[in-house]
Every structure is written in C-alpha cells, then in structure tokens.
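# Observations on the model geometry
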Amino acid sequence: MAADNSVLVIGAGIFGLTAALELQQRGYQVTVADPGPVPHPLATSNDLSRMIRIDYGADGLYSSLGADAIEGWRRWNSAWGRDLFHEDGMLLLTSAPIVAGEFEQNSYDLLTGRGFSLERLGPGDLARRFPRWNSEYYVDGYFSITAGWAEAGEIIASLVKDAADAGVSVVTGFKAARLLQDGDRVSGVVDSDGSELRADWVVLAAGVWTTVLLPELADRMWPVGQPVFYFKPDDPESYRPPSFPPWAADTPRSGWYGFPANDDGVVKLANHGPGRRVHPDADRVILAEEEALCRAFLAQSLPSLASVPLNDSKMCLYCDTWDGDFWIGRDPARQGLVVATGGSGHAFKFGPVLGGLAADALEGIENPYTSRFAWRPLGEIKKEEMRYTGE
Ligand SMILES: Cc1cc2nc3c(=O)[nH]c(=O)nc-3n(C[C@H](O)[C@H](O)[C@H](O)COP(=O)(O)OP(=O)(O)OC[C@H]3O[C@@H](n4cnc5c(N)ncnc54)[C@H](O)[C@@H]3O)c2cc1C
C-alpha cells in the first residue's frame, strides 16, 4: 500500500461504500462517484430491510463470512449509537418434516456443529410462540438466534456520511459512461458530458449497471427483477419480535421470506426465485400475477395479512452471477481495475466485511474467499451444486 495511491470507486451501494471506507483506512486517497442522491432511489442496497443470517445450508464459506459480518454489524451499531441492525433472530419454517440433505437440515447441522444456538421447533411451538403463522401448514422448522435484519437504506446513508467523515471524496451527479484506458491500464472514467475522473485504481461497484460499463461480463452476470410487497396492517405490534421475527417459509423451494413491522408499521415480504431478466433501467413495477402469487402465499401461510391492501410494491433488481457467487476481483487482462459486484440477491448481509474483500483484491492479498469470488470464466453448474443463496 502506498499512501499516494488514488482510488476511484464507481457506485455508492453497499459494495462501493464499504470498499471506499476500507481503502481510505488502508491509506489510499479515495473518491466515490454515483449519479446520486445517495442512497440512490434505484440502488439495490436501498430498501427498508435486508435479511442478515448465517444459515447457508452446507456452504461453510458463506456461513463463516456471515459470522464475521455479524460481529461487524454489532460494531457498526455501537459506532452509530443506534441499532440499524436488529438482531431479532430468524424463523425458518417448513411445510414438511425437515429431511437430511435439504437446506434447513444442512444449515442446522453446520451451525450447531460450529456452536451456534438454534432452537428446533417442537410440536405446538409454532402456534404458541409465533401465532401469526398457519401452524397446520408449517409442521417443522427452527429459530436461528444469530440473525436479524438491517435497515438497508438508512445504513447506506450512514456509510456515506462515515466515508465523507473519513476523508473520502463523495462525488454525486456523476454517471460514468465508459472506462478510460492508457495502454493496458484503466485510468479512470468519463461521463456522458465528457467530464473525467482519473485515479491509479478504479473499483467498479455499479451493481446491476456494472455490465453497462463492462459489457464483456454480460454473459456472466445480469439484472434479474424480483417482486417486493409492503403491507400496513392495523395492528403492527402483532407483527413484531419476539412473536414475529424475520422469517423464511419453505424458502429454498417457495422463495418467500419477510420481515417484522418496522417503526412505521410496514410489514415487508418478498420472493427469491428465478425472477425476470430485465434491463437495469426497466420500469420497476410488479406484475398482476406476482401479486396474485403473494396473496395465495399469504392465504396459506399468514392468513391475517391475506386481505390487507398493498401499501406499496416494487421490482428490485439482483445482479445475478452465473453461479450465484459474488464477483470481487481484479481484471486479469488489464491493470488498475477491480470489480466488486455480483450480489446475486444476498450480499447486503456481508456489508461489514465486503470492503475488506474488495481492498484485498486491489492489493493482491489472498484470503479464504479470493478464489471463489475471483474474475472467472463462465462454467457449468451441476444440479447438485446449485444452492439457495437468496436474500
Ligand atoms: C428484492 C431484494 C431483496 C434482497 N434481500 C436481501 C437480503 O435480505 N439480504 C441480503 O444480504 N441481500 C439481499 N439482497 C441483495 C443485496 O441488496 C444486494 O446484493 C446489494 O445491495 C447489492 O449492492 P451493490 O452495491 O452491488 O449495488 P447497488 O446498491 O445497486 O449500488 C450500485 C450503485 O452504483 C451506482 N451507479 C450505477 N451506475 C453508475 C454509473 N454509471 N456511474 C456511477 N455510479 C453508478 C448506483 O446509483 C448505485 O448507487 C436483496 C436484493 C433485492 C433486489
């Protein structure tokens, strides 16, 4: 690391801001550029809530990263002097008995083996402890204590302030149109008006817009639209922890997950599924059939919400990589370029450790995650390797 090295981070989402903060702490002079305002209204990191969990099936790598991130969330809460990460736990429910080899049993085995506390639901527990749920339909599950949810948009607002306080130059109103290159070295970006920002390093963290600037990666990552629904029930108290913690209901198979009522009484749920491939600038609206599926799920699972009118809805975009793993690595073909993106619907929870991974990539420091998240060719996913990683 050399103190006079400059870094330009493109994009002020969770990947970009955490990279900026970490690199500034490592002695670089960092600028972050974003069209703004930050949080950007269309940024994937900007929403009421994001799930924070360490339950990752048999995938010990993400689970370890998640455990490190939880420590970081606790540190951020105390640094901010307010809890933007709510450690309310997470309820994982199944409509059939949990069986060996499935996500829930794999998570349970891995986490209990690592010493984490999980409470397996016994007969009658769901009706007694979590009465909003249809206990005739959900017959099994567990409560994961080391989990919760994060106020995503508020966190981005706090991080951009932290970055500015740490000396990062935050430039809003700048939308990079293309990379600048001197020989085989990326040396900055230019916007559509011809304004340039130059630096020794560029960290491209533009989420679903990454492939607009790097179309050569469009075969390995792409924007996918996922529906999100918001309700405002009359009695928000009954949708709050401990009786209504964040939840995932048959999620590896059904895709449904959700959150307790926030301070404004808004209950959010969303679906993690194949989604719809869209352009990053497509209208962010949900389809009538997506709302119908949500209503059917509620009627079966949370009947008290089934006829509550929608308070809001939107389509939120994942930047899915072909294999679901993040993309945090140096361009092998050019000097000076690091890409930090490919959240694939599950990166926010790792916020406190993402910046370290991006900074390590820039500095060429190997860590246990380097090879999994590296710049990589398109490969084949064998069915047994496919895993549930959403939210
Ligand atoms: C519906 C939904 C639910 C999710 N739920 C969870 C969850 O529960 N838990 C979890 O861990 N993760 C979840 N995720 C995933 C997580 O939110 C994302 O992985 C993460 O926020 C992506 O962050 P990012 O920094 O890559 O992108 P973004 O937050 O989109 O940031 C990219 C930034 O780049 C800027 N930008 C774009 N183009 C340019 C340009 N040309 N020049 C300069 N700047 C530019 C944008 O304005 C934006 O601010 C969810 C995602 C969705 C869509």
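I will try to describe carefully the structure that is included in this document. (Residues numbered from 1 in each chain as written. Predicted model: local features only at pLDDT ≥ 70, side-chain atom pairs only at ≥ 80, totals over all residues. Heavy atoms only, no water.)

### What to know about the overall build of the chain
A count of helices and strands for the chain gives 10 helices and 21 strands. In terms of C-alpha radius of gyration, the chain reaches 21 Å, essentially the compact-globule figure of 21 Å for 391 residues. Over its C-alpha atoms, taken along the principal directions, the chain stretches across nearly 65 × 45 × 40 Å. Expressed as a percentage of the 391 residues in the chain, the buried residues total 58%. Sequence-distant contacts in the chain: of pairs separated by 6 or more residues, those separated by 24 or more amount to 74%. With the model as given, the accessible surface of the chain reaches about 15800 Å², and the carbon-plus-sulfur share is 51%. Taking the 34 positively charged and 53 negatively charged side chains of the chain as two groups, their mean positions are separated by 1 Å. (Helix = DSSP H or I, 4+ residues; strand = E, 2+ residues; numbered from the N terminus. Rg over C-alpha atoms; globule rule 2.2 N^0.38 Å. Buried < 20%, exposed > 50% of the residue type's maximum accessible area, 1.4 Å probe, protein only. Contact = heavy atoms within 4.5 Å. Areas by Shrake-Rupley, 256 points an atom, 1.4 Å probe, with all protein chains shown as cover. Lys, Arg positive; Asp, Glu negative; His and termini not counted. Charge placed at Lys NZ, Arg CZ, Asp CG, Glu CD.)

### Observations concerning helix 8 (residues 288-301)
Taking 1.5 Å per residue as the helical rise, helix 8 with its 14 residues ought to reach 20 Å, and the 20 Å between its terminal C-alpha atoms agrees with that figure. Taken as a whole, helix 8 has its buried residues at Glu290, Cys294, Phe297, Leu298 and Ser301. Each buried residue of helix 8 lies within a common arc of 100° when the element is viewed along its axis, so the set occupies one face. Structural note: helix 8 exposes Ala288 and Glu289 on the side pointing more than 90 degrees away from its buried face. Among the structural elements, strand 14 (221-231), strand 15 (247-249), strand 16 (256-258), strand 17 (267-271) and strand 18 (276-277) are those in contact with the buried residues of helix 8. (Expected span 1.5 Å × (residues − 1). Arc of directions from axis to C-beta.)

### A closer look at the site of the ligand
Taken together, 35 residues surround the ligand, and among them Asp34, Ser45, Met51, Cys316 and Lys349 come closest. In the environment of the ligand, an oxygen atom lies 3.2 Å from a nitrogen or oxygen atom belonging to the backbone of Ile14. Within the contact set of the ligand, an oxygen atom lies 2.6 Å away from a backbone nitrogen or oxygen of Met51. Taking 1000 Å² as the accessible area of the ligand by itself, protein coverage stands at 98%. (Near = heavy atom within 4 Å. Polar contact = N/O pair within 3.5 Å; in protein donor to acceptor, adjacent residues only side chain to side chain.)

### Structural notes on the sheet that holds strand 10 (residues 176-182)
Ordered by their spatial adjacency, 3 strands build an open sheet running 10-11-12, and the pairing between neighbours is antiparallel. Each edge of the open sheet carries a strand with a single partner, namely strand 10 and strand 12 (196-198). Across this sheet, the average inter-strand angle for adjacent strands is 30°, counted without regard to direction. The pairing of strand 11 (residues 185-191) with strand 12 spans 3 bridges and is classified as antiparallel. Among the inter-strand pairings, Val190 is bridged to a residue of strand 12, identified as Glu196. (Pairing = 2+ DSSP bridges. Axes fitted to C-alpha atoms, helices over the stretch in contact; angles between N-to-C directions.)

### Comments concerning the pattern of salt bridges
This model, assessed by the stated rule, comprises 28 salt bridges. Note that Arg240 is salt-bridged to Glu237, the shortest N-O span being 2.5 Å. Ionic contacts of the salt-bridge type, sharing partners, join the residues Glu22, Arg26, Asp360 and Glu363 into one network. (Salt bridge = Lys/Arg side-chain N within 4 Å of Asp/Glu carboxyl O.)

### Considerations on the state of the cysteines
By the definition in use, this model includes 0 disulfides. We note that Cys294 lacks a disulfide partner, and the nearest cysteine sulfur, in Cys316, lies 15 Å from it. The buried category is assigned to Cys294, whose relative accessible area is 1%. On the basis of relative accessible area, Cys316 is assigned to the buried category, the value being 9%. (Disulfide = S-S within 2.5 Å.)

### Description of the packing of helix 2 (residues 60-80) against helix 9 (residues 351-363)
Here helix 2 crosses helix 9 at 115°, and the two axes come no closer than 7 Å. In terms of axis orientation, helix 2 runs roughly perpendicular to helix 9. Of the residues in helix 9, those in contact with Leu65, Asp68, Ala69, Gly72, Trp73 and Trp76 of helix 2 are Gly351, Pro352, Val353 and Leu357. Looking at side-chain class alone, the contact of helix 2 with helix 9 contains 7 nonpolar, 2 polar and 1 charged residues. (Parallel < 35°, antiparallel > 145°, perpendicular 65-115°, else oblique. Nonpolar A, V, L, I, M, F, W, Y, C, P; charged D, E, K, R; others polar.)

### Side note on the sheet that holds strand 3 (residues 50-52)
On the basis of which strands lie adjacent, the open sheet formed by 3 strands has the order 3-8-4 and antiparallel pairing. Since the sheet does not close on itself, it has two edges, and those belong to strand 3 and strand 4 (85-86), each with one partner. Summarising the sheet, strand 3 and strand 8 (residues 148-150) pair through 3 bridges and their orientation is antiparallel. Within the sheet, the bridge partner assigned to Ile52 lies in strand 8 and is Gly148.

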